[in-house]
Amino acid sequence: MKWFLFLIFTAVLGVHFWITSAPTVDAPSGWASYDFNTEEPIRLETYFKTGDYWLGLSYALSAAFAMWCFLRVLKLRRQALASSAAGLGLSGILIAGLCFLTGCCGSPMLPLYLGLFGSQFLNVTKPLTFFITLLSILVGYAWMLKKAPTAIKG
């Protein structure tokens, strides 16, 4: 089961890397004199330079936790249904709230943060999203283990 969860984590992180680090093609202003031999940036360098790895880790951790909850539901059926729903619900609410507060889902918070705190604040939102996701998953995990029947703990 651990290998399967690691595979889910790696797959989600890889998909996030592939999507966010894809080179974008801007329409050149002088298209007739555009140099098509320009080198595109290294994808891994771009991924780490922009800090998108924080969001990738957050998404991958959430997906692995959701899969762990689903596998646990399948294993325990009725006993784990309530605790799994609580853990998934807590993670979902926190992720949706963080998505809104950081502006990653298109919410209008980015201009507000830029106006209030300046552009330096933007360097904090991605790590903050990851750490709050990690904290919520740890709380959900501990809650699920606390609510588990004693015969299946561990």
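Just so you know, these numbers come straight off a predicted model, no measurement behind them.

**Regarding the overall build of the protein**
Moving on, step 1. A tally of regular secondary structure across the protein gives six helices and zero strands.
Moving on, step 2. In the protein, the succession of α and β elements from N to C terminus is α-α-α-α-α-α.
Moving on, step 3. When the 154 residues of the protein are sorted by exposure, 27% land in the buried category.
Moving on, step 4. For the protein, the accessible area works out to roughly 10,500 Å², and carbon and sulfur atoms hold 71% of it.

**Brief notes about the packing of aromatic side chains**
Moving on, step 1. Summed over the entire model, instances satisfying the criterion amount to ten aromatic pairs.
Moving on, step 2. Each ring, one from Phe 17 and one from Tyr 47, has its centre 4.9 Å from the other, and the planes form 90°; the classification is edge-to-face. With Phe 17 in helix α1 (residues 2-20) and Tyr 47 in helix α2 (residues 43-49), the pair connects residues that are 30 residues apart, well separated along the chain.
Moving on, step 3. When the centroid spacing of 5.0 Å and the interplanar angle of 50° are considered together, the rings of Trp 68 and Tyr 141 count as tilted. Of the two residues, Trp 68 is situated in helix α3 (residues 52-76) and Tyr 141 in helix α6 (residues 122-146); the sequence distance between them amounts to 73 residues.

**Remarks on the confidence of the model for the protein**
Moving on, step 1. With 59% of its residues at a pLDDT of 70 or more, the protein shows a mean pLDDT of 74.
Moving on, step 2. In the model of the protein, helix α5 (residues 109-117) stands out as the element of lowest mean pLDDT, 64, in contrast to α1, which has the highest, 91.

**Quick look at α1**
One turn of the α-helix equals 3.6 residues, which is why residues spaced by three or four share an orientation.
Moving on, step 1. The end-to-end C-alpha separation of α1 is 27 Å, in line with the 27 Å expected for 19 residues at 1.5 Å each.
Moving on, step 2. Where α1 is buried, its residues meet α2 and α3.

**Some details on a nonpolar patch on the surface**
Moving on, step 1. Nonpolar side chains collect at one region of the surface, where Val 15, Trp 18 and Ile 19 lie side by side and expose about 360 Å² of accessible area between them.
Moving on, step 2. You can see Val 15 is positioned in helix α1.

**What about the packing of α1 against α3?**
Moving on, step 1. As a packed pair, α1 and α3 sit with axes 8 Å apart at the nearest point and diverge in direction by 145°. Where α1 crosses over α3, the two elements pack in a sense that is right-handed. Contacts between α1 and α3 involve Phe 4, Leu 5, Ile 8, Phe 9, Val 12, Leu 13, His 16 and Thr 20 from the former and Asp 52, Leu 55, Gly 56, Leu 57, Tyr 59, Ala 60, Leu 61, Ala 63, Ala 64, Met 67, Trp 68 and Leu 71 from the latter.
Moving on, step 2. Residues that form the contact of α1 with α3 fall into these classes: 16 nonpolar, three polar and one charged.

**Concerning α3**
Moving on, step 1. With 25 residues, α3 should reach 36 Å at 1.5 Å per residue; the first-to-last C-alpha distance of 36 Å fits that figure.
Moving on, step 2. Directly after α3, the chain includes Arg 77, whose backbone phi takes a positive value near 50°.

**Brief notes about the nonpolar core**
Moving on, step 1. Among the nonpolar cores identified, the biggest contains nine residues, and these are Leu 5, Trp 54, Leu 61, Phe 65, Trp 68, Cys 69, Phe 130, Ile 137 and Met 144.
Moving on, step 2. Of all elements in the fold, only α3 and α6 reach the threshold of two or more residues within this core.
Moving on, step 3. Top contributing element to this core by residue count: α3, with five residues.

Conventions used here
Residues numbered from 1 in each chain as written. Predicted model: local features only at pLDDT ≥ 70, side-chain atom pairs only at ≥ 80, totals over all residues. Heavy atoms only, no water. Helix = DSSP H or I, 4+ residues; strand = E, 2+ residues; numbered from the N terminus. Buried < 20%, exposed > 50% of the residue type's maximum accessible area, 1.4 Å probe, protein only. Areas by Shrake-Rupley, 256 points an atom, 1.4 Å probe, with all protein chains shown as cover. Phe/Tyr/Trp six-rings, centres within 6.5 Å; stacked < 30°, edge-to-face > 60°. pLDDT = per-residue confidence, 0-100. Expected span 1.5 Å × (residues − 1). Contact = heavy atoms within 4.5 Å. Patch = residues over 30% accessible without salt bridge, like charges linked within 9 Å, V, L, I, M, F, W, Y side chains within 5 Å. Salt bridge = Lys/Arg side-chain N within 4 Å of Asp/Glu carboxyl O. Axes fitted to C-alpha atoms, helices over the stretch in contact; angles between N-to-C directions. Left-handed = near helix turned anticlockwise from the far one by under 90°. Nonpolar A, V, L, I, M, F, W, Y, C, P; charged D, E, K, R; others polar. Core = buried A, V, L, I, M, F, W, Y, C linked by side-chain atoms within 4.5 Å.

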